[in-house]
Amino acid sequence: MSVRMPHRMLLIAGAASALAVMPAAASAAAAHGNYITIDVPGAAATFAISVNDFGVVVGSYTDAQGVSHGFIDQHGTFTTLNDPHAGTASGQGTTVNAINDFGVLGGTYTDATGVTHGFIDRRGVFTAVNDPHAGTASGQGTLGNGLNNRGVLDGTYIDATGVSHGFIDRRGVFTTVNHAHAGTAPGQGTTLGFINDRGAVIGFYFTSRGQAVSFAGRPGRFTTITDPAAPPFSTLASAINDAGVIVGVYGDAQGVAHGFIDQHGTFTTLNDPHAGTASGQGTVAFAISNRGIIVGIYFDSHGTTHGFELNSAR
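About the cut-offs
Residues numbered from 1 in each chain as written. Predicted model: local features only at pLDDT ≥ 70, side-chain atom pairs only at ≥ 80, totals over all residues. Heavy atoms only, no water. Helix = DSSP H or I, 4+ residues; strand = E, 2+ residues; numbered from the N terminus. Buried < 20%, exposed > 50% of the residue type's maximum accessible area, 1.4 Å probe, protein only. Polar contact = N/O pair within 3.5 Å; in protein donor to acceptor, adjacent residues only side chain to side chain. Core = buried A, V, L, I, M, F, W, Y, C linked by side-chain atoms within 4.5 Å. Contact = heavy atoms within 4.5 Å. Phe/Tyr/Trp six-rings, centres within 6.5 Å; stacked < 30°, edge-to-face > 60°. pLDDT = per-residue confidence, 0-100.

### Structural notes on the side chain of Asn100
- Tracing the chain through its elements places Asn100 in the loop between strand S6 (93-99) and strand S7 (105-110).
- On the basis of relative accessibility, which here comes to 4%, the residue Asn100 falls in the buried class.
- There is a polar contact of 3.1 Å between the side chain of Asn100 and the backbone nitrogen of Val104.

### Examining the nonpolar core
- Counting 36 residues, the largest nonpolar core has Ile246 and Ile294 as the members making the most contacts within it.
- With residues near it in sequence (within four places) discarded, Ile246 still touches Ile202, Ala216, Ile225, Ala237, Ala239, Ile240, Phe260, Ile261 and Asp262.
- By size, the runner-up hydrophobic cluster in this structure holds 13 residues, among which are Ile49, Phe206, Val249 and Phe286.

### Side note on the packing of aromatic side chains
- Using the criterion set out here, one finds eight aromatic pairs in the structure.
- Considering the side-chain rings of Phe204 and Phe206, the 5.7 Å spacing of their centres and the 85° angle between planes classify their relative orientation as edge-to-face.
- Among the residues examined, Phe206 registers a relative accessible area of 8% and is labelled buried.
- These aromatic residues form a ring-pair network of at least three members: Tyr205, Phe215 and Phe222.

### What to know about the confidence of the model for the protein
- On average, residues of the protein score 91 in pLDDT, and 89% of them reach the 70 mark or higher.
- In the model, residues 1-28 has pLDDT below 50 throughout and makes 79 contacts with residues more than four positions away in sequence or in other chains.

If you want it as C-alpha cells, here you go:
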C-alpha cells in the first residue's frame, strides 16, 4: 500500500510498506450503510480526513500541479483553505486534518523550504504551531493532526535526527508523548493522529525493527490495537471518538487496504463499494464523529483517490 497520504497520516505510508505478507484471517463482519463519495471539483485526488458532530467534513485535495489545498465540505458546498505561509510548489501546500464542533480547524502546512508546520485556524485567523523540539530542515517539523472541543491539539514532530515524537499542545504548553516501546533511530518513533474530548489519543509507533504498532488511550495507559483480520504489524488506527470507538486501516496479504471499526474489541471491516481490489487500492477510514459518521478515502481501480462519508455504520 504505497500511496499518497495526507499529512495527518503521513507516516502510515511508511508503515504500510513494512506490512508483513502473511495470510489474513476472515473478517468477523462487514459494515453496511450509505457510502457517499466526496470529490472536490477539479481535484486530482481528494482526502476526507475529519468530520465533526454537525457533519462538516474537512480534508485536503491535490491539484494538477501536485500542490495540496485544504477544504471544508458543508453538506456538498466546498470551500478551499490555504495557510498564508504554505508553499505553492509540488509536494507543498495545506492540509486540514481536524475540525471541532466550534468550527475551529487544525492542520499542517509545508513551506517553500519543505519544512512542515502545524496550524490552528479560528475563523480565518491562522496561528502557526511549532513544537520547540522539532527539526527545522526539509522533511522535519511539526504536524498538527487532532483537535478536540477543548482546543487541545495533538500531532507529531520530527526532530533534527529524523525521529518522530508525538506531542500534545495545550494552548502553547507542549508535552512530548513517546510510546515506551518505540524505536529511537531515524525513521522510527511515535506519531499521534487524533485526540478526543476525554484526552484519549490514537497513534502508532515503529519498533527498533521497523514494525508498526497501533495504540489508543491516555498517555501512560496505552492499549495496543490489532485487527484480528489483519496480518501482524499491519493495523494502523487513525481516530477515536468520545465513546471510545476507533477507526483505521489494515493492509491484507495482497496489499489491499481495508478500513475497520473497533467497538471495544469487536472489529468490523469497511470497504467502500467503489474501491479497487488490487494491490495499492482499497479503503482507509480516517475519522469517526460522536454520531457515528465515518470519513476516509478509497483508491479506485484506476488508482485515483476519492474521499468518502459513511452513515449508519453502527
